[in-house]
Structures are given as structure tokens and as C-alpha cells.
Amino acid sequence: MCSSDLVVEGLELPLYPRQAKALTRMQAIEAGKVHFSEEERSEIVLPGIGWCLQARASKKSPLRGGVLGDAIGSGKTVVTIALILAGASNARANRNVENGRSSATLIVVPPSLVNQWDDERKKFTKDVLKCIVIRSTADLKKYTVNDVCKADVVIVPAGIIEEDRKSTRLNSSHANI
């Protein structure tokens, strides 16, 4: 299948070919199908005989994670939403609400982009992805561990990490964290 023919179930609007290509690559990375070569080289001159000893060791390792960097307006948000949506059923199967294990994707954005990110999620997926938006530590107190475990996406502003640490705990009425 050509990446430009890629269809993500539940995505309301089609991806442009360059977005589909980025999504295909991101899915391959997440599936562990993309490897990179690690290589180390060493060279030493053996004293007295003038020989040069060269050594090389290499191995292929799966690539983990990545950065989606592109121009403003090129569709980074929709590609990320499509990636989350494409993996939502597997993520839901791997969460364990009883044990407090979430499979939600954490989206950390500048405070000015929190609402925009959630609006884009709604535009491209309607309400297929269950989302929690936490704008401050006060909002964090409104949610239980159970709520977070059942979410597909949690959107937070980057500054929330720096807010008052005393008030950063979830309502633990369902589980302790």
C-alpha cells in the first residue's frame, strides 16, 4: 500500500500525501521495524613496530521514539492525532484500569495551544478519542486515576510541571498513585 493511500479508521478528513508518509514512518518506528546502525571505531598505533591497529564494532538497534519537526501549518497535529487514532485499539487493550495503568497519550503543549490541540482532535476525530484536558493543577484534582486510565489522550500545558507540587495529585478515590 502506498502511504498516500493510507486510510485511518475514524479520521474524518484525509491526510495529504506528505502527512501519510510521515504517519507510515511513525507507525513503522512504533512497531520496531525501523533500525539504525550503531558503530564505534578505534585506532591505535602500536609503539615500536609502527603498525596501526584499527577496530570497529557495529550493531543494528531498533529506533525508538522520534521528533516530528516540520513547518508551521504543515499538519504535525493531524499526523499525531492520526497516529494516536491508528493505535487506539491496541492501546485500549493494554491499559488496566483496576491496576491504575493508563495507555493514554500525553500531549504536552505550550499553554496557548491547549485549546487548539483539543479543537483539532475534535475536528479530525469527532469524539472517537476520549480526551481529558488539564489546564492547571486545580483541573488535575477533578480527575481520578480511573478517569485518566480510561482516556485515550491527556492534553496538558508545559507549565503544569512547574506549578505548585503540593497540588499535583490526582483524586485517588479509585486508586493510589
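Residues numbered from 1 in each chain as written. Predicted model: local features only at pLDDT ≥ 70, side-chain atom pairs only at ≥ 80, totals over all residues. Heavy atoms only, no water.

## Section: the pairing of strand β1 (residues 35-46)
Direction of pairing for β1 relative to strand β2 (residues 51-62): antiparallel, over a ladder of twelve bridges. Bridging from a neighbouring strand, L46 pairs with W51 of β2. In textbook terms, the turn of a hairpin is the stretch between consecutive antiparallel strands, and for β1 and β2 this stretch comprises four residues, one of which, G48, has a positive phi near 90°. (Pairing = 2+ DSSP bridges. Helix = DSSP H or I, 4+ residues; strand = E, 2+ residues; numbered from the N terminus.)

## Re helix α4 (residues 114-125)
Here α4 contains twelve residues, and its C-alpha end-to-end distance of 17 Å stays within 8% of the 16 Å for a straight helix at 1.5 Å per residue. On its buried side, α4 packs onto α2 (76-86), β3 (105-109), β4 (131-133) and β5 (153-157). Immediately downstream of α4, the backbone of K126 shows phi near 55°, a positive value. (Expected span 1.5 Å × (residues − 1). Contact = heavy atoms within 4.5 Å.)

## Digging into the pattern of salt bridges
Pairing is possible between side chains of opposite charge, provided their charged atoms come close. One pass over the full model with this rule turns up nine salt bridges. Residues R95 and D152 are paired through a salt bridge, measuring 3.7 Å at the closest nitrogen-oxygen approach. Taken together, the residues span a long stretch of sequence, with R95 in the loop between α3 (88-94) and β3 and D152 in the loop between α6 (145-150) and β5 at a distance of 57 residues. D152 gets classed as buried once you look at its relative accessible area, which sits at 6%. (Salt bridge = Lys/Arg side-chain N within 4 Å of Asp/Glu carboxyl O. Buried < 20%, exposed > 50% of the residue type's maximum accessible area, 1.4 Å probe, protein only.)

## Thoughts on the environment of R101
Looking at the secondary structure, you find R101 in the loop between α3 and β3. A distance of 2.6 Å separates a polar side-chain atom of R101 from the backbone oxygen of N94. (Polar contact = N/O pair within 3.5 Å; in protein donor to acceptor, adjacent residues only side chain to side chain.)

## Description of the packing of α2 against α4
Contact pair α2 / α4: the axes reach a minimum separation of 10 Å and the direction vectors enclose 60°. Relative to α4, the element α2 lies oblique. Once α2 is placed against α4, the crossing between them reads as right-handed. Contacts between α2 and α4 pair T77, V78, T80, I81, I84 and L85 from the former with W117, E120, R121, F124 and T125 from the latter. (Axes fitted to C-alpha atoms, helices over the stretch in contact; angles between N-to-C directions. Parallel < 35°, antiparallel > 145°, perpendicular 65-115°, else oblique. Left-handed = near helix turned anticlockwise from the far one by under 90°.)

## Description of the sheet that holds β5
Taken in spatial order, the three strands line up as β3-β5-β4 in an open sheet, and their pairing is parallel. Looking at the sheet topology across the chains shown, the edges are occupied by β3 and β4. Going from strand to strand, the sheet's axes swing by 20° on average, the running direction of each strand aside. As defined by bridge partners, β3 adjoins β5 across five bridges and the pair is classed as parallel. When the sheet's bridge partners are listed, I107 is paired in β5 with I155.

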